[in-house]
Amino acid sequence: MSATSGAGNTGTHTTLFQHALRLHRLTPDGPLFRGGEPFPDAEGRPRRSAGLPYDPDPDAGATRAAEILSAHLADDRAPSLRLVRELRDVPFPSRRDERIKAVALQAPAARVREAGRLLVRHGTEPTPVAVGLALLTEVATARDIPLIQTIGLLSKPFGLAAVRALDRLPGGVEALIWLAERVTVWGRVHAVDRLLRRVDDHPAVRPWLLRKAVDGDHLNAYFAAEVARATALHEVVARCGDDAEVVDHAGRLLHVMKHCEGMGISLRQYEHAVTVMEAHARHVKVLGPTPERYFTAASLAQYLSAQTPAWSDDPAVGAGWERVRMSYLDLTDRADWCDVAREGLAAGDWRMTWLAGSTAPELDPRAFRDGRDGERCS
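Residues numbered from 1 in each chain as written. Predicted model: local features only at pLDDT ≥ 70, side-chain atom pairs only at ≥ 80, totals over all residues. Heavy atoms only, no water.

S.K.: Just give me the short version of the overall build of the chain, but keep the residues and values in it.
M.R.: Of the regular secondary structure elements, the chain holds 19 helices and 2 strands. Taking all 378 residues of the chain together, the buried fraction comes to 52%. Intrachain contacts of the chain at a sequence separation of at least 6 include 70% that bridge at least 24 residues. Summed over all atoms, the accessible surface of the chain reaches about 17,200 Å², with 51% contributed by carbon and sulfur. (Helix = DSSP H or I, 4+ residues; strand = E, 2+ residues; numbered from the N terminus. Buried < 20%, exposed > 50% of the residue type's maximum accessible area, 1.4 Å probe, protein only. Contact = heavy atoms within 4.5 Å. Areas by Shrake-Rupley, 256 points an atom, 1.4 Å probe, with all protein chains shown as cover.)

S.K.: Tell me what's going on with the pattern of salt bridges, and back it up with residues and numbers.
M.R.: Taken as a whole and judged by the stated rule, the model has 28 salt bridges. When the shortest N-O distance is used, the salt bridge between arginine 188 and aspartate 215 registers 3.7 Å. Of this pair, arginine 188 sits in helix α10 (residues 185–196) while aspartate 215 is found in the loop between α11 (205–212) and α12 (224–230), placing the two residues 27 residues apart along the sequence. Overall, the relative accessible area of 5% leaves arginine 188 in the buried class. With relative accessibility at 35%, the residue aspartate 215 sits in the partly exposed group. Between aspartate 349 and arginine 351 there is a salt bridge, with its nearest N and O atoms 2.8 Å apart. Owing to a relative accessible area of 16%, aspartate 349 belongs among the buried residues under this scheme. (Salt bridge = Lys/Arg side-chain N within 4 Å of Asp/Glu carboxyl O.)

S.K.: Outline the nonpolar core, listing residues and values.
M.R.: Most often, soluble globular proteins keep nonpolar side chains buried together rather than apart. Judged by nonpolar contacts, the single largest core of 97 residues is most densely connected at Met277 and Tyr328. A total of 8 residues in this core trace back to one element, the largest contributor, which is helix α16 (residues 291–306). With residues up to four places along the chain from it excluded, the contact list for tyrosine 328 reads Leu254, Met277, His280, Ala281, Ala297, Leu300, Ala301 and Leu304. (Core = buried A, V, L, I, M, F, W, Y, C linked by side-chain atoms within 4.5 Å.)

S.K.: Summarise the packing of helix α9 (residues 172–180) against α10; cite the residues concerned and give the values.
M.R.: Helix-helix packing is characterised by the crossing angle of the two axes and by the distance between the axes. Two elements in contact, α9 and α10, have axes whose closest approach is 9 Å; the angle formed by their N-to-C orientations is 150 degrees. Classified by the angle their axes make, α9 and α10 are roughly antiparallel. By crossing handedness, the relation of α9 to α10 is classed as left-handed. Only Arg188, Ala191, Arg194 and Leu195 of α10 make contact with α9, whose side of the interface consists of Val173, Leu176, Ile177 and Ala180. Its residues assigned to classes, the contact of α9 with α10 comprises 6 nonpolar, no polar and 2 charged. (Axes fitted to C-alpha atoms, helices over the stretch in contact; angles between N-to-C directions. Parallel < 35°, antiparallel > 145°, perpendicular 65-115°, else oblique. Left-handed = near helix turned anticlockwise from the far one by under 90°. Nonpolar A, V, L, I, M, F, W, Y, C, P; charged D, E, K, R; others polar.)

S.K.: An account of the packing of helix α4 (residues 98–106) against helix α6 (residues 126–139) is requested, with residue identities and associated values reported.
M.R.: Running from N to C, α4 and α6 point in directions that differ by 55 degrees, and their axes come no closer than 9 Å. Taken together, the axes of α4 and α6 are oblique relative to one another. Two packed elements cross with a definite hand, and for α4 against α6 that hand is right-handed. Along its contact with α4, which presents Ile100, Lys101, Ala104 and Leu105, the element α6 presents Val131, Ala134, Leu135 and Glu138. Of the residues assigned to the contact of α4 with α6, the class counts are 6 nonpolar, no polar and 2 charged.

S.K.: How would you sum up the confidence of the model for the chain? Please name residues and give values.
M.R.: Mean pLDDT for the chain: 88, with 89% of residues reaching 70 or above. In the model, residues 1–11 has pLDDT below 50 throughout and makes 30 contacts with residues more than four positions away in sequence or in other chains. (pLDDT = per-residue confidence, 0-100.)

S.K.: Explain the environment of lysine 212 to me, using residue names and the numbers behind them.
M.R.: Along the polypeptide, lysine 212 turns up in helix α11. Once the C-alpha coordinates of lysine 212 and histidine 249 are considered, the two residues, 37 residues apart in sequence, prove to be 6.9 Å apart. In contact with lysine 212, not counting residues within four places along its chain, are Glu181, Arg188, Glu245 and His249.

S.K.: Give me a nonpolar patch on the surface: which residues, what numbers.
M.R.: Taken together, the side chains of Val185, Trp186 and Tyr222 make up a nonpolar region of the molecular surface, amounting to roughly 280 Å² of accessible area. Topologically, valine 185 is positioned in helix α10. (Patch = residues over 30% accessible without salt bridge, like charges linked within 9 Å, V, L, I, M, F, W, Y side chains within 5 Å.)

S.K.: Any details on the side chain of arginine 182? Residues and values, ideally.
M.R.: Within the element layout of this structure, arginine 182 appears in the loop between α9 and α10. A relative accessible area of 8% means that arginine 182 is categorised as buried. A distance of 2.8 Å separates a polar atom in the side chain of arginine 182 from the backbone oxygen of proline 28. Excluding its chain neighbours within four sequence positions, the residues that come into contact with arginine 182 are His24, Pro28, Asp29, Gly30, Pro31, Leu32 and Leu153. (Polar contact = N/O pair within 3.5 Å; in protein donor to acceptor, adjacent residues only side chain to side chain.)

S.K.: Lay out unusual backbone geometry in plain terms, naming residues and giving numbers.
M.R.: Cis geometry marks the peptide bond from glutamate 37 to proline 38; its omega dihedral reads 0 degrees. Looking at the secondary structure, you find proline 38 in the loop between α1 (16–26) and β1 (39–40). The phi dihedral of arginine 34 falls on the positive side, at around 55 degrees, and the residue is not glycine. Along the polypeptide, arginine 34 turns up in the loop between α1 and β1. Phi is positive for aspartate 364, which is not a glycine, with a value near 45 degrees. As for its position among the elements, aspartate 364 is in the segment after α19 (350–358).

S.K.: Could you give an account of the environment of histidine 190, with specific residues and numbers?
M.R.: Here histidine 190 is to be found in helix α10. Using a relative accessible area of 23% as the deciding quantity, one classes histidine 190 as partly exposed. C-alpha separation for the pair histidine 190 and glycine 159, spaced 31 residues apart in sequence, amounts to 7.1 Å. Setting aside chain neighbours within four positions, we find histidine 190 in contact with Leu160 and Val163.

S.K.: Requested: an account of the packing of aromatic side chains, with residues and values cited.
M.R.: For any pair of aromatic rings, the description consists of the separation of the ring centres together with the inter-plane angle of the planes. Summed over all chains, the structure comprises 6 aromatic pairs. Ring plane angle 75 degrees and centroid distance 6.1 Å describe the contact between phenylalanine 295 and tryptophan 354, whose orientation is recorded as edge-to-face. Of the two residues, phenylalanine 295 sits in helix α16 while tryptophan 354 sits in helix α19, which places them 59 residues apart along the sequence. In this structure phenylalanine 295 comes out as buried when scored by relative accessible area, which is 7%. Pairing tyrosine 303 with tryptophan 321 gives two aromatic rings, centres 6.3 Å apart and planes at 55 degrees, and the pair type is tilted. In this pair, tyrosine 303 is assigned in helix α16 and tryptophan 321 in helix α17 (residues 315–333), connecting sequence segments 18 residues apart. The pair formed by tyrosine 303 and tryptophan 321 is uniform in burial state, with each residue classed as buried. Chaining the aromatic ring pairs together yields one cluster made of Phe295, Trp350 and Trp354. Over the ring of phenylalanine 17 we find arginine 121; its NZ or CZ atom is 5.3 Å from the centre of that ring. (Phe/Tyr/Trp six-rings, centres within 6.5 Å; stacked < 30°, edge-to-face > 60°. Lys NZ or Arg CZ within 6 Å of the ring centre and 35° of its normal.)

And the structure:
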């Protein structure tokens, strides 16, 4: 993606679009460093928070923004940049508001589009940019995709609005995938949630979800099980043993689902858990050890030892749970897998360090015992 050029500015102030574009050029294939924070304020000084102070009345920002927009759009002679200044100190509208949408739909689309682009491109504070995204959600064209993607990289304040705007556009699915790969925490939650709704609409969505949906953040727990269900993971993994990318991502999904309790469907509650784990264990045995595969196998073995499936009164489910637990333990006991784990521990791999210090004593993984006297490695 090539971001729209000519960011422009208001006086000598750094716009949030310029800020996002500059950081994106430093990491074009990944998220912005620290999500783009701290943001510059209107004078170019670092600002710690991504948003403005909230008004005690949560509707105040949207009400005032709608009034300012309505007056601006009704006056063809109103200076364009005045709109940016007038919205600058309005409380940040943190959620989609029907009043702003109504103003957008009542004015000529071309004028609304011009205002939306102006606000996103020239806003030095979150509120003008957020209002601009709200306008573009209603009237954007495919031409606006690079602009929306770039500002969406600042995902804490703008990720959800950018996702909504992109989803309505021709080519929006590809744009959503691009953005999903470059945002973290809540930004990724919003992007993946939107892609899950399109899994049957576009051929690129399912392959992406099967390979890249989770990035290791704890908020992945909100969507991990939904990814497993929407992609029919239990069927895909069973037949895709030669696709290491799918198999390893399945391991990441399983690892995240261990911690989904209270956030989503946990591994013990997932109806196809045993089927997926049996296929995963079988495939990684053939694919061979890596630090990630060892970590996944050992941590899943520990989880399976400590937890029982939600349908524990079903003898077949209980037997499958124990069978896959032993499969993972067998992997961690193999000499070549132990070698990989020890090499990782010696190199300071955090996964091996964590396992060496946190694995349940009763599992006593061979990789972290001294070969001569049976003591655990330190």
